[in-house]
Amino acid sequence: LFRGHDNPGGGFIAALVISIGLIFHMIAFGVSETQRVYKIDAIKLASIGLLLSFIAATVPMLIGDGFLHALWTDVKIVGIGTISSVLVFDIGVYFAVIGAILKIAFTVFKK
């Protein structure tokens, strides 16, 4: 997730990887147990992701840049890199994809 704004990877692939783990847990222990242990509300997770992505995409327009224009700060965090609107967008995609995949999986596997 944290390398996607500088290298291959990012929110989408990170969400697929975590979703696979959660789906394996769900297959082994059931939907109810997975939701109880991880306290997952898939719709809220997807909504937060969409909101973060929307904010990252539109804030640059408020300062005169284009839609989805990358904004970078001078703030660096060890292991993550430079904080930017690209990182916020990737985190939004991460949450949106996890929420969507888990909502589908919870619906399909619920007994």
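Residues numbered from 1 in each chain as written. Predicted model: local features only at pLDDT ≥ 70, side-chain atom pairs only at ≥ 80, totals over all residues. Heavy atoms only, no water.

### Remarks on the side chain of Ser19
Consideration 1: Position of Ser19 among the secondary structure elements: in helix H1 (residues 11–29).
Consideration 2: The class of Ser19 is buried, set by a relative accessible area of 1%.
Consideration 3: In contact with Ser19, not counting residues within four places along its chain, are Ile98 and Ile101. (Helix = DSSP H or I, 4+ residues; strand = E, 2+ residues; numbered from the N terminus. Buried < 20%, exposed > 50% of the residue type's maximum accessible area, 1.4 Å probe, protein only. Contact = heavy atoms within 4.5 Å.)

### Things to note about the pairing of strand E2 (residues 81–84)
Consideration 1: As judged from the three bridges shared by strand E1 (residues 72–77) and E2, these two strands associate in the antiparallel manner. In the strand pairing of E2, Trp72 is matched with Ser84.
Consideration 2: Counted between consecutive antiparallel strands, the loop separating E1 from E2 contains three residues, among which Gly79 sits at a positive phi close to 85 degrees. (Pairing = 2+ DSSP bridges.)

### Details of H1
Consideration 1: Here H1 contains 19 residues, and its C-alpha end-to-end distance of 27 Å stays within 8% of the 27 Å for a straight helix at 1.5 Å per residue.
Consideration 2: Of all the positions in H1, only Gly11, Ala14, Ala15, Ser19, Leu22, His25 and Met26 are classed as buried. The buried residues of H1 occupy an angular sector of 125 degrees when the element is viewed end-on, so they sit on one face. Exposed residues pointing more than 90 degrees away from the buried face of H1 are listed as Val17, Phe24, Ile27 and Ala28.
Consideration 3: One or two steps after H1, the chain reaches Gly30, where phi turns positive at roughly 100 degrees. (Expected span 1.5 Å × (residues − 1). Arc of directions from axis to C-beta.)

### Quick look at a nonpolar patch on the surface
Consideration 1: Together, Ile20, Phe24, Ile27, Ile104, Val108 and Phe109 make up an exposed nonpolar region whose accessible area comes to about 640 Å².
Consideration 2: Among the elements of the structure, H1 and helix H4 (85–109) are those that each provide at least two residues to the nonpolar patch.
Consideration 3: Relative to the assigned elements, Phe109 resides in helix H4.
Consideration 4: Judged by its relative accessible area of 41%, Phe109 falls in the partly exposed class. (Patch = residues over 30% accessible without salt bridge, like charges linked within 9 Å, V, L, I, M, F, W, Y side chains within 5 Å. Areas by Shrake-Rupley, 256 points an atom, 1.4 Å probe, with all protein chains shown as cover. Salt bridge = Lys/Arg side-chain N within 4 Å of Asp/Glu carboxyl O.)

### Some remarks on unusual backbone geometry
Note on backbone geometry: most residues besides glycine have negative phi, and most peptide bonds are trans.
Consideration 1: With a phi angle near 50 degrees, Lys39 is a residue other than glycine that sits in the positive phi range.
Consideration 2: Among the structural elements, Lys39 can be located in the loop between helix H2 (31–38) and helix H3 (42–62).
Consideration 3: For Leu68, which is not glycine, the phi torsion reads 65 degrees and is therefore positive.
Consideration 4: With respect to the element layout, Leu68 can be found in the loop between H3 and E1.
Consideration 5: Residue class for Leu68 comes out partly exposed when judged on its relative accessible area of 48%.

### What to know about the packing of aromatic side chains
Consideration 1: By the definition in use, this model includes one aromatic pair.
Consideration 2: Between Tyr94 and Phe95 the ring centres are 5.5 Å apart and the planes differ by 50 degrees, which places this aromatic pair in the tilted class.
Consideration 3: Taking the relative accessible area as the measure of exposure, Tyr94 reaches 18% and is therefore buried. (Phe/Tyr/Trp six-rings, centres within 6.5 Å; stacked < 30°, edge-to-face > 60°.)

### Things to note about the pattern of salt bridges
Consideration 1: One pass over the structure, following the stated rule, counts one salt bridge.
Consideration 2: Arg36 is paired through a salt bridge with Glu33; the nearest N and O atoms lie 2.7 Å apart. In this pair, Arg36 and Glu33 both sit in helix H2, three residues apart, roughly one turn of the helix.
Consideration 3: Look at Arg36 and you get exposed, because its relative accessible area is 51%.
Consideration 4: Glu33 sits in the partly exposed class, given a relative accessible area of 28%.

Take it as geometry only, folks, not as evidence of what the structure does.
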